[in-house]
Amino acid sequence: KWHSTMSISCGNANLMALTLIEASTVLSMEVLAMTDQIRQKVDTFLNFMKLPDGAPIVPLEMVDWLIAKGFFTAPASTKYHGNHEGGLLEHSYMVAKALVDMSEREGLAWSNPRSPWVVGMFHDLCKIDQYRPFMDGESVGWEYNPDTLLKGHGDKSVMLLSQFYTLTEEEIMCIRYHMGAFTPKEEWNDYTRAVNHYPNVLWTHQADMLASHVAGV
């Protein structure tokens, strides 16, 4: 376990330095402002996002960014799978878990050993700011956010993720074409070429379908 002593400024008030113990990485004080429920989600996320030798996959600055941007609370859709608070994390975790399991079971070869974790967990990173809540009677609903800085799906996920990783071409193709035949018809030939060049594009799509259409997450 790693120990880190850090301080945080909250408005004009400086909070005293605190120590946070985390099994897989050192987090900023952003975590300490989270509820216990969200902190547990972050812990589960970090425990999963490790290579078999225990090396953490997600850089510290990205953990901070994910918390600040709402990755752990965002929905995965407005009315389909994961259309509730935290749905994006649930869907992403299930896709990543399926892709890691399939990679081990089927002996899938990746150009970088981190890839099934990174591709699976962040294929829908585009959705981190894609939806906003609204009151639907007495319950909370979700609608598209018209004020996002970036539009798009797989390509947006690649762009956001490139802030933190030097992605391999295989990772880029897997994320860009993870929708498979659900990509626009005019991109079907591009998708087919990507699969022919990188078969793990197809396995990524399968993992996504297992999560969203079979498990409904």
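On a predicted model such as this, the values are computed, not experimentally measured, just so you know.

Undergrad: I'd like a rundown of the overall build of the chain, residues and numbers included.
TA: On a plain count of helices and strands, the chain comes out with 8 helices and 4 strands. Reading the chain from its N end, one meets helices and strands in the order β-β-α-α-α-α-β-β-α-α-α-α. Every one of the 217 residues in the chain was classed for burial, and the buried ones make up 48%. Roughly 11,300 Å² of accessible area belongs to the chain as shown, and the carbon and sulfur atoms make up 55% of that amount.

Undergrad: So what's going on with the packing of aromatic side chains? Residues and values would help.
TA: Given two aromatic rings, one states the distance between the centres and the angle between the planes to describe the pair. Applying the stated rule across the entire model yields 9 aromatic pairs. Between Phe45 and Phe72 the ring centres are 5.3 Å apart and the planes differ by 85°, which places this aromatic pair in the edge-to-face class. Here the residue Phe45 occupies a position in helix H1 (residues 36–48), and Phe72 occupies one in the loop between helix H2 (60–69) and helix H3 (87–106), the gap between them amounting to 27 residues. As far as burial versus exposure is concerned, Phe45 and Phe72 are alike and both buried. Within the aromatic cluster, the residues linked to one another by ring pairs are Phe45, Phe71, Phe72 and Phe122.

Undergrad: Give me the lowdown on H3, citing residues and values where you can.
TA: If you check H3, its first and last C-alpha atoms are 28 Å apart, about what 20 residues at 1.5 Å a residue would give, namely 28 Å. Considered for burial, the residues of H3 that qualify are Gly87, Leu88, Leu89, His91, Ser92, Val95, Ala96, Ala98, Leu99, Val100, Met102 and Ser103. Lining the buried residues of H3 we find H1, helix H4 (115–122) and helix H8 (200–214). Gly107 sits one or two positions beyond H3 and adopts a positive phi of about 65°.

Undergrad: A description of helix H6 (residues 169–176) should follow, citing residues and the corresponding values.
TA: Since one α-helical turn is 3.6 residues long, residues separated by three or four positions face the same way. Buried within H6 we find Glu170, Glu171, Cys174 and Ile175. On an axial view of H6, the arc spanned by its buried residues comes to 125°, and they lie on one face. Where H6 is buried, its residues meet H4, helix H5 (154–161) and H8.

Undergrad: Can you tell me about the environment of Gly216, naming the residues and giving the values?
TA: Here Gly216 is to be found in the segment after H8. Aside from chain neighbours lying at most four places away, what touches Gly216 is His81, Gly82 and Ala211.

Undergrad: I'd like to hear about the pattern of salt bridges, residue by residue, with values.
TA: It is possible for side chains of opposite charge to pair when their charged atoms get near one another. Going through the model one piece at a time under the given rule, you end up with 9 salt bridges. In this structure, the salt-bridge partner of Glu143 is Arg132, at a minimum N-O distance of 2.8 Å. Placement of Glu143 in strand S4 (residues 139–144) and of Arg132 in strand S3 (residues 131–136) is noted, with a sequence separation of 11 residues between them. The partly exposed category is assigned to Glu143, whose relative accessible area is 29%. What makes Arg132 partly exposed here is its relative accessible area of 34%. Notably, a salt bridge pairs Glu187 with Arg176, separated by 3.0 Å at the nearest N-O pair. Placement of Glu187 in the loop between H6 and helix H7 (188–197) and of Arg176 in helix H6 is noted, with a sequence separation of 11 residues between them. With a relative accessible area of 18%, Glu187 lands in the buried category.

Undergrad: Give a description of the pairing of S4 that names residues and reports values.
TA: The sheet contact formed by S3 and S4 spans 6 bridges and is antiparallel. Across the sheet, residue Asp136 finds its bridge partner in S4, namely Ser139. Once S3 ends, the chain turns through 2 residues before running back antiparallel as S4, passing Gly137 with a positive phi of about 70°.

Undergrad: How would you summarise the side chain of Thr183 if you had to cite specific residues and measurements?
TA: Looking at the secondary structure, you find Thr183 in the loop between H6 and H7. Given the relative accessible area of 8%, Thr183 is considered buried. A distance of 2.9 Å separates a polar atom in the side chain of Thr183 from the backbone oxygen of Gly180. Dropping the residues within four chain positions of it, Thr183 is found in contact with Tyr177, Trp188 and Tyr191.

Cut-offs and rules
Residues numbered from 1 in each chain as written. Predicted model: local features only at pLDDT ≥ 70, side-chain atom pairs only at ≥ 80, totals over all residues. Heavy atoms only, no water. Helix = DSSP H or I, 4+ residues; strand = E, 2+ residues; numbered from the N terminus. Buried < 20%, exposed > 50% of the residue type's maximum accessible area, 1.4 Å probe, protein only. Areas by Shrake-Rupley, 256 points an atom, 1.4 Å probe, with all protein chains shown as cover. Phe/Tyr/Trp six-rings, centres within 6.5 Å; stacked < 30°, edge-to-face > 60°. Expected span 1.5 Å × (residues − 1). Contact = heavy atoms within 4.5 Å. Arc of directions from axis to C-beta. Salt bridge = Lys/Arg side-chain N within 4 Å of Asp/Glu carboxyl O. Pairing = 2+ DSSP bridges. Polar contact = N/O pair within 3.5 Å; in protein donor to acceptor, adjacent residues only side chain to side chain.

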